[in-house]
Amino acid sequence: MITGPCLIVQPIHAAGLDRLRAAGLEPRPASGTDPETLAREAAPCVAVITRNTGFPARAIAAAPALRVIGVHGTGTDHVATAEATEAGIVVVNTPGANAVSVAEQTLALIFALAKALPEADRSVRRGDDSFKFTARLIELAGLTLGLVGFGAIGQATARLGTALGLRVLAYGPSRPDADFANAGALRAPSVDALLAEADIVSLHVPLTPATRGLIGRDQLARMKRDAFLINTSRGGLIDEAALVEALESGTIAGAGLDVFAQEPLPADHPLARQARAILTPHVGGSTGSALIRTAETAAGRVVDVLAGRRPGGLVNPDVWARRRAL
Ligand SMILES: NC(=O)c1ccc[n+]([C@@H]2O[C@H](COP(=O)([O-])OP(=O)(O)OC[C@H]3O[C@@H](n4cnc5c(N)ncnc54)[C@H](O)[C@@H]3O)[C@@H](O)[C@H]2O)c1
Ligand SMILES: O=C(O)[C@H](O)COP(=O)(O)O
C-alpha cells in the first residue's frame, strides 16, 4: 500500500484524483502556484501533479520526501527537470493523451479566422446584416497548411487537414517517411521553405532552447501576406512583439493563439488589442475526454513510480536506476 500526500498544483479531473486515492495517496490541492507556496506545500509530499504552470527548482529543493513529479500533459518546459533528475526524482508526462483535442483546437482557430466567426457573431447580435455583404470569408479546400513539428499533434492535425481538402506540408526532420505517408502530408525541406509556401502555418514543436523564438521578424517576413499563423504549442516559440508588428503592418493576415509567453495573457497586452488575432486561454487539451485521459494517465504513472513499476512517459529515464527510495 502506498501512502502519503500528492500535491495537485492546479485542478485536474476527478478521475485522476480517484485513481490516486484508490492507490492510497492523499491528493492535496495547492493553495497557490507561486514558488513560495509550492515549496511550503510540497515539503511533506511524496508526489506532485502539475499542469502548465509547472513546478520550480525552489519547490524541488524544499521537498525531501518527493519521489515523482507527474506532468498533466506533454510539454515539460515548465518543470525543473534537471534539478529533479539531480535529486533522484522521477518526472513522468502523458504524451498523446490530449493530441487529438489539440489538433481539433488548431482547426477551430483556423476556421475561426477563415470564417471570421467572432465578427460574424457580433454582427448578428447587433441586428446588423451589413457583414453578410462585406464579408470575404476564406474557403480552406485547396490551401496549403504548413506544420512545423510532426509528432502526435502535428500528425493528428495533418489528418484533419487532408480530410478538409487542404494540401499539408510538414517539417519534421526526425520523423520517418511513413509518418508523412500515413497522414497524407508532404515533407517540407526546411522551415523557411514551409513559411514561404504555406497559407496557414501551425506550430507543433516543444519549447526548448533550440525552438525558443523560432518565429521572429525574419520568419514572419517570409510568410505570405494573406497567411495565418497558428500556435497551440507554447508562447515562447514566437517573438510576440514581432508578431504584433506583423499583424499591425499587414505582414501576415492573422493569428490564432492558444498559448502565450506569459499566461494568463495580461489584459493590457498588445496582442489582446489585435483585431486580426483570435485568442484562447491554453485550452487545447481541455475537452472532457482529453481531461479524463490526461488526469488518469498522469495519476496512473505517479502510482506506478511509487509502486516500483517502471511507468510510461518517463521524461528523465536515466534517473530510474538511481531514484529516491521510499
Ligand atoms: N495547447 C495545449 O493545451 C497543448 C496540449 C498539448 C501539447 N501542447 C504543446 O504541443 C507540443 C507538441 O506536442 P506533441 O504531442 O505533438 O509532442 P510530440 O513530442 O509528439 O511531437 C513534437 C515533435 O517536434 C519535434 N521537434 C522538436 N524540436 C524540433 C525542431 N526544432 N524542429 C522540428 N521538429 C522538432 C520532435 O522531434 C517531435 O517529433 C508540446 O511540446 C506542448 O508544448 C500544447
Ligand atoms: O503540454 C500540454 O499537454 C498542455 O500544455 C497541457 O496543459 P494543461 O495540463 O494545462 O491542459
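Definitions and limits used
- Residues numbered from 1 in each chain as written.
- Chains lettered and ligands numbered in written order.
- Predicted model: local features only at pLDDT ≥ 70, side-chain atom pairs only at ≥ 80, totals over all residues.
- Heavy atoms only, no water.
- Near = heavy atom within 4 Å.
- Polar contact = N/O pair within 3.5 Å; in protein donor to acceptor, adjacent residues only side chain to side chain.
- Areas by Shrake-Rupley, 256 points an atom, 1.4 Å probe, with all protein chains shown as cover.
- Pairing = 2+ DSSP bridges.
- Helix = DSSP H or I, 4+ residues; strand = E, 2+ residues; numbered from the N terminus.
- Axes fitted to C-alpha atoms, helices over the stretch in contact; angles between N-to-C directions.
- Contact = heavy atoms within 4.5 Å.
- Domains from an automatic or database assignment.
- Buried area = accessible area lost by both parts, 1.4 Å probe.
- Salt bridge = Lys/Arg side-chain N within 4 Å of Asp/Glu carboxyl O.
- Nonpolar A, V, L, I, M, F, W, Y, C, P; charged D, E, K, R; others polar.

Asks: Please clarify how the site of ligand 1 should be interpreted in this entry.
Replies: Near ligand 1 you find 23 residues, and of these Ala152, Ile153, Arg175, Thr232 and Asp258 are the closest. Within the backbone of isoleucine 153, one N or O atom sits 2.9 Å away from an oxygen atom of ligand 1. Within the side chain of arginine 175, one N or O atom sits 3.1 Å away from an oxygen atom of ligand 1. In the complex, the protein chains occlude 81% of the 860 Å² of accessible area that ligand 1 would expose alone.

Asks: Sorry if this is basic, but what is going on with the sheet that holds strand S6 (residues 144–148) here?
Replies: Strand pairs in the sheet, formed through backbone hydrogen bonds, run parallel or antiparallel to each other. An order of S8-S7-S6-S9-S10-S11-S12 is seen for the seven strands of this open sheet, with the pairing classed as parallel. Of all the strands in the sheet, just strand S8 (185–187) and strand S12 (277–279) have a single pairing partner and so form its edges. For this sheet, the mean inter-axis angle between neighbouring strands, taken without regard to orientation, is 20°. Here strand S9 (residues 200–203) pairs with strand S10 (residues 228–231) via four bridges, running parallel. Bridging from a neighbouring strand, valine 201 pairs with leucine 229 of S10. In this fold helix H8 (residues 152–163) packs onto S6, strand S7 (167–171) and S8, with an angle of close to 175° to the strand it touches most, S6. Where helix H12 (residues 240–249) meets the sheet, its contacts fall on S10, strand S11 (254–257) and S12, and the angle it forms with S11 comes to roughly 140°.

Asks: Got a minute to help me understand the sheet that holds strand S5 (residues 90–92) in this structure?
Replies: Read across the sheet, five strands follow the order S2-S1-S3-S4-S5 without closing on themselves; strand pairing throughout is parallel. The sheet is open, and its two borders are formed by strand S2 (25–29) and S5, each paired with just one other strand. Here the average twist between neighbouring strands, direction ignored, is 20°. Summarising the sheet, strand S3 (residues 47–50) and strand S4 (residues 68–71) pair through four bridges and their orientation is parallel. Residue pairing for S4: threonine 50 is matched across the bridge by valine 71. Together, strand S1 (4–8), S2 and S3 form the strand contacts of helix H1 (residues 14–22), whose direction differs from that of S2 by roughly 140°.

Asks: Would you mind showing me how to read the domain arrangement of the protein chain here?
Replies: You can read the domains of the protein chain as domain 1 (4–96 + 288–319) and domain 2 (99–279). When each unit is reduced to the centre of its C-alpha atoms, the spacing between domain 1 and domain 2 is 31 Å. Counting from both sides, the interface comprises six residues of domain 1 and, opposite them, six residues of domain 2. Interface of domain 1 and domain 2: buried area, both sides summed, is about 470 Å²; carbon and sulfur atoms make up 42% of it. On the domain 1 side of the interface with domain 2, the three residues burying the most area are Asn52, Asp77 and Gly96, jointly 68% of the side's total. Where domain 1 touches domain 2, the interface holds one salt bridge. Across the pair aspartate 77 and arginine 234 runs a salt bridge whose closest N-O atoms are separated by 2.8 Å. At the surface where domain 1 touches domain 2, the tally comes to two residue pairs in polar contact (both at pLDDT 80 or more). Looking at side-chain class alone, the side of domain 1 that touches domain 2 contains one nonpolar, four polar and one charged residues.

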